[in-house]
Amino acid sequence: MTFSKKIICAAVAVAAAWTLSSAPSFAADRSLYERLGGQGAIQAVVTKFIGNVGADKRINGYFATTDLKKLNKLLVEQVCAASGGPCTYSGRDMKTTHKGMKVTTAAFNALVEDW
Ligand code: HEM
């Protein structure tokens, strides 16, 4: 390969790398759902979260009679749909769901810590 061809190859490689790594549109084109890692990653985080809540004595009483398998499914749907993924949330709205539960600020903060 001639010296000038080497220079052109190097320039093309640098331009391609720059386009792939630093073009702003590249990152912006990906939904939050994709950037989170898609369905598998969301499922893993929700399952871990439900385990954390179950072990958290500060708030697990709220979930004493809850069908955890169903809650798991609904939370995955909710996070998937809210982050732009291909899901439809099939649960109740948040106001109806939590009405009458007397969720305190401390309980809310504990739940957030469990994520
Ligand atoms: C970011 C805030 C929260 C979100 C997005 C959220 C989301 C949800 C969702 C999607 C469901 C399932 C809805 C359905 O059954 O149709 C649910 C149920 C439930 N949530 Fe929350 N939640 C939040 C905060 C909390 C907090 C702070 C508590 C209490 C410490 C709590 C306690 C419960 C309980 C006990 C259920 C099950 C209700 C049942 O057994 O029927 N949630 N939540």
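The rules behind the values
- Residues numbered from 1 in each chain as written.
- Predicted model: local features only at pLDDT ≥ 70, side-chain atom pairs only at ≥ 80, totals over all residues.
- Helix = DSSP H or I, 4+ residues; strand = E, 2+ residues; numbered from the N terminus.
- Buried ≥ 20, exposed ≤ 12 C-beta atoms within 10 Å, placed from the backbone.
- Contact = placed C-beta atoms within 7 Å.
- Axes fitted to C-alpha atoms, helices over the stretch in contact; angles between N-to-C directions.
- Parallel < 35°, antiparallel > 145°, perpendicular 65-115°, else oblique.
- Left-handed = near helix turned anticlockwise from the far one by under 90°.
- Nonpolar A, V, L, I, M, F, W, Y, C, P; charged D, E, K, R; others polar.
- pLDDT = per-residue confidence, 0-100.
- Near = placed C-beta within 6 Å.
- Core = buried A, V, L, I, M, F, W, Y, C linked by C-beta atoms within 7 Å.

Q: Can you help me understand the overall build of the protein chain in this one?
A: Within the protein chain, the regular secondary structure consists of seven helices and zero strands. Beginning at the N terminus, the succession of helices and strands in the protein chain can be written as α-α-α-α-α-α-α. Among the 115 residues that make up the protein chain, the fraction classed as buried is 7%. The long-range fraction of contacts in the protein chain, counting pairs at least 24 apart against all pairs at least 6 apart in sequence, stands at 62%.

Q: Please clarify how the environment of Asn72 should be interpreted in this entry.
A: Structurally, the position occupied by Asn72 is in helix α5 (residues 68-82). Spatially, the C-alpha atoms of Asn72 and Thr47 are 6.6 Å apart, while their sequence positions differ by 25 residues. In this view, Asn72 contacts Val46, Thr47 and Ile50; residues no more than four positions away in its chain are not counted.

Q: What is the right way to read the packing of helix α4 (residues 38-55) against α5 from this model?
A: How two helices pack is summed up by the angle between their axes together with the distance between the axes. The interhelical angle for the contact between α4 and α5, taken along N-to-C directions, is 135 degrees, at an axis separation of 9 Å. Relative to α5, α4 is oriented oblique. Here the hand of the crossing between α4 and α5 comes out right-handed. Across the interface between the two elements, Gln39, Ile42, Gln43, Val46, Thr47 and Ile50 of α4 pack against Leu68, Leu71, Asn72, Leu75, Val76, Val79 and Cys80 of α5. Residue classes in the contact of α4 with α5 are distributed as nine nonpolar, four polar and no charged.

Q: In this structure, what is going on with the confidence of the model for the protein chain? I would like to understand it.
A: Parts of the prediction with low pLDDT should not have their coordinates interpreted in detail. In this model, the protein chain carries an average pLDDT of 85, and 77% of its residues clear a pLDDT of 70 or more. Every residue in residues 1-25 is under pLDDT 50, and counting partners more than four places away or in other chains gives two contacts.

Q: Could you clarify how one ought to interpret the site of the ligand in this entry?
A: The full set close to the ligand counts 17 residues, and Thr66, Gly91, Arg92, Ala107 and Leu111 are the nearest of them. Contributions of two or more residues to the shell around the ligand are made by α5, α6 (94-98) and α7 (105-113). Top element by residues in the shell around the ligand is α5. It accounts for four residues. For the shell around the ligand, the class distribution of residues is eleven nonpolar, five polar and one charged.

Q: So what exactly am I meant to see when it comes to the nonpolar core here?
A: Generally speaking, a soluble globular protein has its nonpolar side chains buried in company with each other. Counting residues in each nonpolar core, the largest one holds six residues, listed as Tyr33, Ile42, Val46, Val76, Val79 and Cys80. At the level of secondary structure, the elements contributing two or more residues to this core comprise α4 and α5. Here the element with the most residues in this core is α5; it accounts for three residues. Discounting chain neighbours no more than four positions away, the residues touching Tyr33 are Gly38, Cys80, Ser83, Gly84 and Gly85.

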